[in-house]
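# Structural characterization, general
Here is what each chain is made of, one letter per residue.
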There are 2 protein chains.
Amino acid sequence: MNKNCRFCQIIENRNNEEIIFENDNFIVITDKYRKTSVGSICLVIPKKHVKNILELPQNLNAELLEIIKLTSKAMQRAYNVKGIRIWTAVNKEAGQSIFYTHIHILACKSIFDRLIASFPGVYDLFVLKKMSSEKNFKLAEKIRKEIIVK
Amino acid sequence: MNKNCRFCQIIENRNNEEIIFENDNFIVITDKYRKTSVGSICLVIPKKHVKNILELPQNLNAELLEIIKLTSKAMQRAYNVKGIRIWTAVNKEAGQSIFYTHIHILACKSIFDRLIASFPGVYDLFVLKKMSSEKNFKLAEKIRKEIIVK
């Protein structure tokens, strides 16, 4: 636990975030502030504090990808869309702003969604109101219902 | 093998592409046409024709992520950069244009690189000349030398 790290805080003090999936090694949350035209961005985060995906321990590889897949499929069903964009940044030169591994998963319907998908800050420019906690909770609830662990 | 699929053709007829890594299940190539300010984009492609990452067989999860990591680290060393952006699109609504799983790995130094990273077509707009085969070969060679399989 690093007191200055936003994701460490989320994992410690989870009441403030909308968790859509959790197991021993990973947690999946909806982004409180940002969404595409169809709904919240999801973030897949390992519970172990690892700076970026290149430093993820090898024994977590398979599970990370499986959780990315199940979250993406749940988002497709919850938002009734086909398009999903998955990305992560390594280091600030690539746009990483929180130095704790997190994989962005975004439901996309348009090129505008893909712009938001790639540059989440665009959302702040174009959509001035932050999303209400209530709205975010409802979005998270929709995805949560669609998570199917085999 | 699907005759109309560009990646099936690459795997069948590999002389035309710059392969930087290959094993039984995956192949990594440099993109012939597109690069960021520091060098070629790399694409990680499973040999089995799978439409998108959500359909990748579970037994390939761990290996895919390991190859993404080793390619990214080789690119950091070959291009002497820290920033790496990793992304993939699922379906055309998210910008997928070749319907065969491929993960983009891009070395980034600037926001312009991140724009190219997210919208490879931008390269075609701003950098009018296609990259020569010779230049692409040299870039692939640099990365190939830095691939370290443990």
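Here the structure is a predicted model, which is why all the values come from computation and not from measurement.

### Topic: unusual backbone geometry
Trans peptide bonds make up the majority, and among non-glycine residues the majority have a negative phi. In the Ramachandran plot, A:Asn91 falls in the positive-phi region, its phi being about 75° despite a non-glycine side chain. Non-glycine residue B:Asn80 carries a positive phi angle of around 55°. Within the secondary structure, B:Asn80 is located in the loop between helix H2 (61–79) and strand S4 (83–90).

### Description of the interface of chain A and chain B
How large an interface is tends to be reported as the accessible area lost when its parts come together. Counting residues at the interface gives 36 residues for chain A and 36 residues for chain B. Between chain A and chain B, a total of about 3100 Å² is buried, with carbon and sulfur atoms accounting for 59% of that surface. Looking at the side of chain A facing chain B, the largest losses of area belong to A:Leu54, A:Glu93 and A:Phe119, adding up to 21% of the total buried there. For the pair chain A and chain B, the interface holds 0 salt bridges. Where chain A packs against chain B, one counts 18 residue pairs in polar contact (both at pLDDT 80 or more). When residues of the side of chain A that touches chain B are traced back to their parent elements, those giving at least two are helix H2 (61–79), strand S4 (83–90) and helix H3 (111–118) of chain A. Among the elements that line the side of chain A that touches chain B, the one with the most residues is H2(A), at 9 residues. Here the side of chain A that touches chain B is built from residues that sort into 17 nonpolar, 10 polar and 9 charged. Here 7 bridges tie S4(A) to S4(B), and the two strands are oriented antiparallel to one another. Its bridge partner lying in S4(B), A:Ala89 is registered against B:Arg85.

### Section: the sheet that holds strand S2 (residues 26–35) of chain B
Reading across the sheet, the 10 strands line up as S1(A)-S2(A)-S3(A)-S5(A)-S4(A)-S4(B)-S5(B)-S3(B)-S2(B)-S1(B) and stay open at both edges, with antiparallel pairing between neighbours. If you trace the sheet from one side to the other, it starts and ends with strand S1 (18–22) of chain A together with strand S1 (18–22) of chain B, each paired once. Ignoring strand direction, the axes of neighbouring strands in this sheet form an average angle of 25°. In this structure, S4(A) lies alongside strand S5 (residues 103–108) of chain A, joined through 5 bridges in antiparallel fashion. Paired with A:Arg85 across the two strands is A:Leu106, which belongs to S5(A). Across the sheet, helix H5 (residues 133–146) of chain A lies against S1, strand S2 (26–35) and strand S3 (40–46) of chain A, angled at about 20° from S1(A), the strand it touches most. Its contacts with the sheet place H2(B) against S4 of chain A together with S1, S2, strand S3 (40–46), S4 and strand S5 (103–108) of chain B, and it is angled at close to 25° to S5(B).

### Digging into the confidence of the model for chain A
Low-pLDDT portions of the prediction should not be read for the details of their coordinates. All names here are of chain A. On average, residues of chain A score 85 in pLDDT, and 88% of them reach the 70 mark or higher. Highest mean pLDDT in chain A belongs to H2 (96); lowest belongs to helix H4 (residues 121–126) (62). At the level of chain-chain contacts, confidence expressed as ipTM amounts to 0.89, with global pTM at 0.90.

### A word on the relation of the copies chain A and chain B
You can overlay chain A on chain B at an RMSD of 0.0 Å; the transform is a turn of 180° with a shift of 0.0 Å along its axis. When the rotation and shift are considered jointly, the pair of chain copies conforms to a two-fold rotation axis. Interface overlap between copies is the fraction of interface residues in one copy that are interface residues in the other; for chain A against chain B it reaches 100%, indicating a shared surface.

Rules behind the numbers
Residues numbered from 1 in each chain as written. Chains lettered and ligands numbered in written order. Predicted model: local features only at pLDDT ≥ 70, side-chain atom pairs only at ≥ 80, totals over all residues. Heavy atoms only, no water. Helix = DSSP H or I, 4+ residues; strand = E, 2+ residues; numbered from the N terminus. Contact = heavy atoms within 4.5 Å. Buried area = accessible area lost by both parts, 1.4 Å probe. Salt bridge = Lys/Arg side-chain N within 4 Å of Asp/Glu carboxyl O. Polar contact = N/O pair within 3.5 Å; in protein donor to acceptor, adjacent residues only side chain to side chain. Nonpolar A, V, L, I, M, F, W, Y, C, P; charged D, E, K, R; others polar. Pairing = 2+ DSSP bridges. Axes fitted to C-alpha atoms, helices over the stretch in contact; angles between N-to-C directions. pLDDT = per-residue confidence, 0-100. Least-squares fit on C-alpha atoms with pLDDT ≥ 70 in both.

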